[in-house]
Amino acid sequence: MAATIIDGKAIASAIRSELAEQVAELAQKGLRPGLAVILVGEDPASVSYVTAKEKACAEIGIASFETRLPQDVPQQKLLDVINAANMDPDVHGILVQLPLPRHIDERAVIRTIHPDKDVDGFTPVNLGRMLLEEPCFLPCTPHGIIELLVRSGVPTSGAHAVVVGRSNIVGKPLANLLIRKSINATLTVCHTGTRDLASHVRSADIVVACAGRPGLVTADMIKPGACVIDVGVNRVPDPSKKQGYRLCGDVDFEAAAQVAGWITPVPGGVGPMTITMLLANTIEACRRLAGSRVS
Ligand code: GUN
């Protein structure tokens, strides 16, 4: 039997309707959530992500303030832009699109974002709060994946979750969220040092592929009935397409869908949820920064 396709677009759209209502309520109190979007360089994937984020903001009434900096911008100039956003009362959230050019110290950049405006949840302060389960901004992709699992009715308590990838923005924080009591999964994290990836994935009730390698997870690795979440967004050359490429995930989707119980498509799975969680965090930042007047 073929898998249930988890429609991230539809789930994201339902959440965005609720968020639009929250923005309308804030507007009645004279508040408008604002997101500073900072993009360095012209990497086509980053440009398209940033454009999608700004469009999503506009659709639900969040203001976005874009700053585009050239690829060779001095690091200090970028830090100045972030500091100005830290001070700007119209800005409640700050997003610096990653990756950054190699001459820029990503860690220094992330640390410059004020934790109260860190709607990506990437600062050490927010990641520490996440670990301790204190109020914080959760990183958007991991949070979006948890929402997909919960809203799709995938059983997580006692399930064996295998995360394939250990990045700071997806694999590591997701691993942490999966072992929270509220989710209650048993966890394995696989990475480039893992000896036998297939044997680990085969025992998974939930597989999350977030390694950025097309075709890494194949159908023969999937336990029948398992839930497969594909975070990969890989551009593979395809002359039959107008843009010359097509998007594919880290999972061999067509074959895996014949074995899995649930599966997310690429595009239309995790991606729309990442953006939705960013919107939710920006609204929350606005509420918090406005203080008790609106809580
Ligand atoms: N690059 C890839 N994913 C993300 C994300 O969620 N936020 C930012 N800022 N950059 C990214």
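Remember, it's a predicted structure, so these values are computed and weren't measured experimentally.

Peer 1: Which residues make up the overall build of the chain, and what values do they have?
Peer 2: Helix and strand counts for the chain come out as 10 helices and 11 strands. Taking 295 residues into account, the globule formula puts the C-alpha radius of gyration at 19 Å, and the chain, at 19 Å, falls close to it. The 295 residues of the chain split such that 52% are buried. Pairs at least 24 apart in sequence give 71% of the contacts found in the chain among residues at least 6 apart. As presented, the chain carries roughly 13900 Å² of accessible surface, and 53% of it is formed by carbon and sulfur atoms. Measuring between centres, the 29 positive side-chain charges of the chain sit 2 Å from its 30 negative side-chain charges.

Peer 1: Give a detailed account of helix α2 (residues 44-60), specifying residues and quantitative values.
Peer 2: Given a rise of 1.5 Å per residue, 17 residues ought to cover 24 Å, and the 25 Å separating the end C-alpha atoms of α2 matches this to within 8%. Of the residues making up α2, those classed as buried are Ala-45, Ser-46, Val-47, Val-50, Lys-53, Glu-54, Ala-56, Cys-57 and Ile-60. Its buried side turned inward, α2 meets α1 (8-28), β2 (34-40), β3 (63-69), β4 (93-96), β9 (234-237) and α10 (270-290). Phi turns positive, to about 95°, at Gly-61, one or two residues after α2.

Peer 1: Kindly report on the environment of Ala-56, identifying the contributing residues and their values.
Peer 2: Tracing the backbone shows Ala-56 in helix α2. On the accessibility criterion, Ala-56 (3% relative accessible area) is buried. Expressed as a C-alpha distance, the spacing of Ala-56 and Arg-16, which sit 40 residues apart in the sequence, is 8.8 Å. Here Ala-56 is in contact with Arg-16, Ile-275 and Leu-279, once residues within four sequence places are set aside.

Peer 1: Tell me about the packing of α1 against α10, and please be specific about residues and values.
Peer 2: Their axes nearest at 9 Å, the elements α1 and α10 cross at an angle of 15°. By the angle between their axes, α1 is roughly parallel relative to α10. In terms of crossing hand, the pair formed by α1 and α10 is left-handed. Only Pro-272, Met-273, Ile-275, Thr-276, Met-277, Leu-279, Ala-280, Ile-283, Cys-286 and Arg-287 of α10 make contact with α1, whose side of the interface consists of Gly-8, Lys-9, Ile-11, Ala-12, Ile-15, Arg-16, Leu-19, Gln-22, Val-23 and Leu-26.

Peer 1: Residues and numbers for the site of the ligand, please.
Peer 2: Taken together, Lys-53, Leu-95, Val-96, Gln-97, Leu-98, Asp-120, Phe-122 and Ile-169 form the complete shell of residues around the ligand. One of the backbone N or O atoms of Leu-98 is found 3.0 Å from a nitrogen atom in the ligand.

Peer 1: Go over the sheet that holds β4, please, and point to the residues and values.
Peer 2: With parallel pairing, three strands are arranged side by side in an open sheet as β3-β2-β4. Edge positions in the sheet fall to β3 and β4, since each of these pairs with one other strand and no more. The sheet shows a mean angle of 15° between the axes of neighbouring strands, taken without regard to direction. Of the strand pairs in this sheet, β2 and β4 are connected by four bridges, and their pairing is parallel.

Peer 1: Kindly report on a nonpolar patch on the surface, identifying the contributing residues and their values.
Peer 2: Residues Tyr-49, Val-233 and Leu-247 make up a contiguous nonpolar surface patch of roughly 220 Å² in combined accessible area. Looking at the element boundaries, Leu-247 is found in strand β10 (residues 245-248).

Peer 1: Give a detailed account of the nonpolar core, specifying residues and quantitative values.
Peer 2: Counting residues in each nonpolar core, the largest one holds 54 residues, and the members touching the most others are Ile-145, Leu-178 and Ile-229. Discounting chain neighbours no more than four positions away, the residues touching Ile-229 are Ile-6, Ile-145, Leu-149, Val-207, Val-208, Ala-209, Thr-264 and Val-270. One finds Val-162, Val-164, Leu-197 and Ala-198 within the second-largest nonpolar core, a separate group that totals 21 residues.

Peer 1: Got a sec to walk through the sheet that holds strand β6 (residues 186-190)? Specific residues and values, please.
Peer 2: Taken in spatial order, the six strands line up as β1-β11-β8-β7-β5-β6 in an open sheet, and their pairing is parallel. One side of each edge strand has no neighbouring strand; the edge strands of this open sheet are β1 (4-5) and β6. Note: strand β8 (residues 227-230) against strand β11 (residues 262-263), two bridges, orientation parallel. If you follow Val-228 over to β11, its bridge partner there is Ile-263. Running over the sheet, helix α7 (residues 171-178) touches β5 (160-164), β6 and β7 (206-209) and is turned about 170° from β5.

Peer 1: I'd love a proper account of the pattern of salt bridges, names of residues and values included.
Peer 2: The tally for this structure, following the rule as stated, stands at eight salt bridges. A salt bridge links Lys-223 to Asp-205, with the shortest nitrogen-to-oxygen separation between them at 2.8 Å. Of this pair, Lys-223 sits in the loop between β7 and β8 while Asp-205 sits in the loop between α8 (197-202) and β7, placing them 18 residues apart in sequence. Given a relative accessible area of 31%, Lys-223 falls into the partly exposed group. Taken together, the shared-partner salt bridges connect Glu-284, Arg-287 and Arg-288 into one network.

Peer 1: Go over the pairing of β6 with me, naming the residues and quoting the values.
Peer 2: Bridge count for β5 against β6 is five bridges, and the pairing is parallel. Within β6, the residue paired with His-160 across the bridge is Thr-186. Where the polypeptide runs from β5 across α7 and back to β6, its parallel neighbour, the crossover connection is right-handed.

Each value, and the rule that gives it
Residues numbered from 1 in each chain as written. Predicted model: local features only at pLDDT ≥ 70, side-chain atom pairs only at ≥ 80, totals over all residues. Heavy atoms only, no water. Helix = DSSP H or I, 4+ residues; strand = E, 2+ residues; numbered from the N terminus. Rg over C-alpha atoms; globule rule 2.2 N^0.38 Å. Buried < 20%, exposed > 50% of the residue type's maximum accessible area, 1.4 Å probe, protein only. Contact = heavy atoms within 4.5 Å. Areas by Shrake-Rupley, 256 points an atom, 1.4 Å probe, with all protein chains shown as cover. Lys, Arg positive; Asp, Glu negative; His and termini not counted. Charge placed at Lys NZ, Arg CZ, Asp CG, Glu CD. Expected span 1.5 Å × (residues − 1). Axes fitted to C-alpha atoms, helices over the stretch in contact; angles between N-to-C directions. Parallel < 35°, antiparallel > 145°, perpendicular 65-115°, else oblique. Left-handed = near helix turned anticlockwise from the far one by under 90°. Near = heavy atom within 4 Å. Polar contact = N/O pair within 3.5 Å; in protein donor to acceptor, adjacent residues only side chain to side chain. Pairing = 2+ DSSP bridges. Patch = residues over 30% accessible without salt bridge, like charges linked within 9 Å, V, L, I, M, F, W, Y side chains within 5 Å. Salt bridge = Lys/Arg side-chain N within 4 Å of Asp/Glu carboxyl O. Core = buried A, V, L, I, M, F, W, Y, C linked by side-chain atoms within 4.5 Å. Right-handed = clockwise from strand over helix to strand, strands pointing away.

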